[in-house]
Structure formats: structure tokens, C-alpha cells
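Per-entry structural report
Listed here are the chains, written in short residue letters.
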Amino acid sequence: MSKTYEEVVDLLRSRSRPWTLKEKRPLKNQPNNGRMKEWLSELGHENFSDLNVIHITGTKGKGSTAAFTESLIRAHFRHISHPIKVGLYTSPHVITERDRIRINFDPVSEELFTKEFTSVWDTLRANVADEGDMPGYLQLLALTSVQIFMKEKVDVAIYEVHAGGRRDATNIFDQPIACGFTTIGLDHADLLGNTIESIAWHKSGIMKGKRPAFSIVQEEPDAREVLAREAATLDCPLEFVDIDEQLPDIPKLLPTVQKRNASLAIRLANSYICRSSPSGLTTKDITVGLGQCEWPGRFQTIRNGRNHWFLDSAHNSISLPVALSWFASEIQATDSADQTGNRRVLIFGHESKRDTQELIMIISRFCDDQNFKFDEVILSPYKRYGLQMHDAVIEEHLKVWQAMQPSIKLKRASCLEDAIATTERQDVVGVQQTLITGSTYLVGEALALFQDR
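Residues numbered from 1 in each chain as written. Predicted model: local features only at pLDDT ≥ 70, side-chain atom pairs only at ≥ 80, totals over all residues. Heavy atoms only, no water.

**Considerations on the side chain of E230**
The topology assignment puts E230 in helix α8 (residues 221–234). Note on E230: relative accessible area 14%, which makes it buried. Among residues more than four places away in sequence, those in contact with E230 are R166, W201, S204 and M207. (Helix = DSSP H or I, 4+ residues; strand = E, 2+ residues; numbered from the N terminus. Buried < 20%, exposed > 50% of the residue type's maximum accessible area, 1.4 Å probe, protein only. Contact = heavy atoms within 4.5 Å.)

**A few points about the packing of helix α1 (residues 5–13) against helix α4 (residues 110–125)**
Helix packing for two helices is described by the angle between their axes and how far apart those axes are. Packing of α1 against α4 brings their axes to within 9 Å, and their N-to-C directions diverge by 45°. Taken together, the axis directions place α1 and α4 in an arrangement best described as oblique. Between α1 and α4 the crossing geometry is left-handed. Seen from α1, the contacting residues are Y5, V8, L11 and L12; seen from α4, they are E110, F113, T114, F117, T118 and W121. (Axes fitted to C-alpha atoms, helices over the stretch in contact; angles between N-to-C directions. Parallel < 35°, antiparallel > 145°, perpendicular 65-115°, else oblique. Left-handed = near helix turned anticlockwise from the far one by under 90°.)

**Here's the deal with the nonpolar core**
Counting 88 residues, the largest nonpolar core has F113, F149, I347, I363, F374 and W401 as its most contacted members. Sort the elements by how many residues they give to this core and helix α5 (residues 137–151) lands first, with eight residues. Leave out the neighbours within four places in its chain, and F374 touches L324, F327, R344, V345, L346, I363, C367, I408 and L435. By size, the runner-up hydrophobic cluster in this structure holds 35 residues, among which are L72, V86, L253 and Y272. (Core = buried A, V, L, I, M, F, W, Y, C linked by side-chain atoms within 4.5 Å.)

**Quick word on the sheet that holds strand β9 (residues 300–304)**
A sheet is described by the order of its strands in space; here six strands give the open sequence β9-β10-β16-β11-β12-β15, paired in mixed fashion. Each of the sheet's edge strands pairs with one partner strand only, and the pair in question is β9 and β15 (410–412). Sheet twist, expressed as the mean angle between neighbouring strand axes with direction ignored, is 20°. Here seven bridges tie strand β11 (residues 343–349) to strand β16 (residues 432–438), and the two strands are oriented parallel to one another. Paired with I347 across the bridge in β16 is I436. The strands touched by helix α13 (residues 391–404) are β11, β12 (376–379) and β15; relative to β15, the strand with the most contacts, the crossing angle is about 175°. (Pairing = 2+ DSSP bridges.)

**With respect to helix α9 (residues 256–273)**
The terminal C-alpha atoms of α9 lie 26 Å apart, and with 18 residues this matches the ideal 26 Å at 1.5 Å per residue to within 8%. The buried count for α9 comes to 14 of 18 residues, which makes it a mostly enclosed element. (Expected span 1.5 Å × (residues − 1).)

**Examining the pairing of strand β2 (residues 86–89)**
Consecutive residues of a regular strand have side chains that alternate between opposite faces of the sheet. Along β2, one buried face is formed by V86 and L88 and the opposite face, lined by G87 and Y89, is buried too. Two strands pair when backbone bridges link them, and β2 and strand β5 (residues 156–160) are joined in this way by four bridges, in the parallel orientation. Within β5, the residue paired with Y89 across the bridge is Y159. Note: β2 against strand β3 (residues 101–103), three bridges, orientation antiparallel. The residue bridging G87 from the neighbouring strand is I103, located in β3.

**Some thoughts on the environment of L12**
Examined against the element boundaries, L12 turns out to sit in helix α1. Judged by its relative accessible area of 0%, L12 falls in the buried class. L12 sits 270 residues away from T282 along the chain, and the two C-alpha atoms are 42 Å apart. Contact partners of L12, with chain neighbours within four places excluded, come to E97, F113, F117, Y137, L140 and L141.

**A short note on the pairing of strand β10 (residues 307–312)**
β10 sits mainly inside the fold: six of its six residues count as buried. A two-sided burial pattern is seen for β10, the buried positions comprising N307, W309 and L311 on one face and H308, F310 and D312 on the other. Pairing of β9 with β10, which is carried by five bridges, proceeds in the antiparallel orientation. Among the inter-strand pairings, R303 is bridged to a residue of β10, identified as H308. In this structure, the hairpin formed by β9 and β10 is closed by a connection of two residues, where G305 is found at a positive phi of approximately 60°. Pairing analysis gives six bridges linking β10 to β16, with the strands arranged parallel. Looking at the pairing, N307 lines up with Q432 of β16.

**Structural notes on the sheet that holds strand β6 (residues 178–181)**
With mixed pairing, the eight strands of this open sheet are ordered in space as β4-β3-β2-β5-β1-β6-β7-β8. Looking at the sheet topology across the chains shown, the edges are occupied by β4 (106–107) and β8 (238–241). Here strand β1 (residues 53–57) pairs with β5 via four bridges, running parallel. Across the sheet, residue V53 finds its bridge partner in β5, namely A157. Packing against the sheet, α5 makes contact with β2, β3 and β5, and its axis sits at approximately 20° to β3. α9 contacts β1, β5, β6, β7 (213–216) and β8 of the sheet and is inclined by roughly 170° relative to β7.

**Overview of the packing of aromatic side chains**
On inspection of all chains with the given rule, the structure shows 18 aromatic pairs. Centroid distance F327 to F372: 6.0 Å. Interplanar angle 75°. Geometry classified as edge-to-face. Of the two residues, F327 is situated in helix α11 (residues 319–337) and F372 in the loop between α12 (356–369) and β12; the sequence distance between them amounts to 45 residues. With respect to class, F327 is no different from F372; both count as buried. With a centroid separation of 5.2 Å and 75° between ring planes, the pair formed by F372 and F374 is classed as edge-to-face. Overall, F372 belongs to the buried group, its relative accessible area being 11%. Given a relative accessible area of 3%, F374 falls into the buried group. Linked through ring pairs, F299, F310, W326, F327, F366, F372 and F374 together constitute an aromatic cluster. (Phe/Tyr/Trp six-rings, centres within 6.5 Å; stacked < 30°, edge-to-face > 60°.)

Below, the structure written as C-alpha cells:
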């Protein structure tokens, strides 16, 4: 019997790691890419070098860089009137799982996702006695992406690493067109280790001998040193990329971090384009490609009457200060034009093995250092894989915030829809400016709610 899209997603999510409050079980020390090539062989994909993969890792900005790279490649080939299919695989998803697998930036259809995931599942399931021996959630997504990109005959595929690189389920490409490294910092310490050296070593694992690698100029000296050492060991040509002078002056590139990501994307895109067009991207290609690139949930603004929504999935200590600075700079223009009656709100939600208390401290410190004030902070739960965030987590965050900022107006929402509705019900003379940040799943749920209107 054929499965529906909803049934396929439920089956996929059944292979995710249990997500429980403050789970103390040690993570299995097994490489996620350990059996990937074996499974791909069972699916009939023993040689998938035709995918022409650009592989991207980093702690922050790898999704934006992947999206920029994809858009630049399409802009170039559209400019020369040459049809092309560009695959894009990213993680995590913003709204639904099929958002992770895109062709020419369009998420694959429910029908195609359902068909190919079912094919992957049924083929592999026939070869194991117990369902527990089947691939996990991220492995299944990566396998399905390869299956779809191969069958749809994409010309080039941009792959974003899930986490780390060396043992990641996407680290299956022996001869990538190029690999790229965005900002490397402390994150996913439970998986990658609690030092910059360890994390950079894991990420350097996507390098391949004699295949070009590009990195932003790493602010952490240890990260730069590890990348350079591993590149020399592998005989992998590595270049550290400064901010490109050809970048257009557009709002989405105002944050310095996005300038770095876009500059890296230019080099990555050219690594593929220059195979057929030696001159590479033109200034027009760059302006159009970056200008037309829209990456949901990253530095995104939605304006609806007096309600202005600012969304950025800033879920670690590297990205959150950037999101706060972006929000402050974005609303400054509005405030300078009319400083009376405007209201600032923060909707925040975050649950993971990362230290949420540290993120709350970053917000509190930013407000103190920048003399910046939120008129109200709403702590909101959200759903991940269909499961609601635990009430106890919200209570814990509430207590932490009250201890750090006793005078701030705090509110707890029953759900994200309630948080948004509460904000919209406020009687505001000027403009209500609301930052929604924290978990990617919080931001994704918010986008889904706005789209459904």
C-alpha cells in the first residue's frame, strides 16, 4: 500500500533521537557516515560523482552560504541563457522536512519526496531483520537527497553539513568540486568536543586531497591553524577569503557576517562555474544572484501594518549577538524617523543540549551594554518533530530571566500562536517591532503561521 506524505514524515521522524528534557544518556560514538556508502550501494548509487558537489560546513552561516552559492550559480547560467538544475541540501529545515531538499531553490514536491523516501526505506528495510538497524533520521534525509538528485539529474549539488563534518552523514563525497568553511566556534560540544581545535578538526574532515577548499578568515586562531594543518596533510589547496569588493550594497548584506558568507559563496560558485566559463561570475551575476537570494528565517523581515516582525534563528552564542545587533540596527531607521509610540518585543524559545542560560545572559548583557530595552519579553514553546517543548523548560527560563533582569516585563505563552496573537493585540501608537529568535524550529513555526494567513 502506498504511503501518504504525512505517513512518510511520521516514519522518518520515528528514526530521530529521543528528545527529552535534560537527557543525560551519552551519545553513541558512531560516525553517521559509517554505513552511508554501503546503503547507497544497495540503492544502486555506487558512483555518484556526477552530482558535482560543493560541500559546506561551519558553526554559523553555512546555510546562508549554501543558499548564496546556489543563487549565484543559477544567476550566472540564467544570464548566459544556459538551462541548469541546481540541487540544494540544507539542515535543519525551517518549516517541513522537504524544505531541506531543493531543486532550483524550490523544495521538492510532496509527491516526489514521498515516492523517493518510500523507495529508499523499502529497499533498505528488505535487507535488515530488525527496523532498529535502519538508518537514522539525518542519514535517511541525506540518502533521500542523493536518490532525488541522481534521478532528477541535477548538474551541481550544494550540500550543507548537519553538524561537524568528519563523521557527518553528508561526508560521502570523495571528489567534491570544492568545500567551504564558514565561521568556526564553540557549538555542538557534546558531539564535537569542547575546544575550538577539536571542533575545527571535525569540520576539516570534509576536505579531500587535491580538491580546493575555501574558508572565511577565521577569527579564532586555533580554527585557522587546524584548517591549514589538515589541508597541508591532505595536499588540499586551501584559501582564506576576505570580503569581496564586488559585493552589492543591499540590505541583506549589512551584517558583516553576511558579507563574509557572500564572499565565500562567490568563490564556491566560481569553483563550479569556471569549469565551463573561465571568466567566472560577472558583477551583474553577483548583484542579481545575491539580490534575489531569499533564505527563510535568516535576517528576515515581515511587515504587516503596524506590526513589523524580525526573524532570525540564532540558537548559539555566536549567532545571537549578531541577531540582536541586526534587530537594533534595523529598527534604528524607524525610530529615527518617528521615535514616539514604538514598542519593542522579544519572542524567545530555545531547548537543546546547549546552555540556554548562557543565551539569556547574552540578551541581558546586550541590553545593558547597548542601553537597549525590550518593552516585553515573551517566552514561547514551539514544536519539534511534532512534539511540544516541555513546560518545565519555560518555567526554568522564566526564573533565570527574572533573576537576571528583575525589572523586565516577562510573559509566558501557552504556544507560539498565542505569543504572536498577544503581541498583535497590543494597542500601539507607533510601530510594534518584534524579534522572534532562538531555536530554528521556533522561527520555522512562526513562518508557517504567517504563511497560513
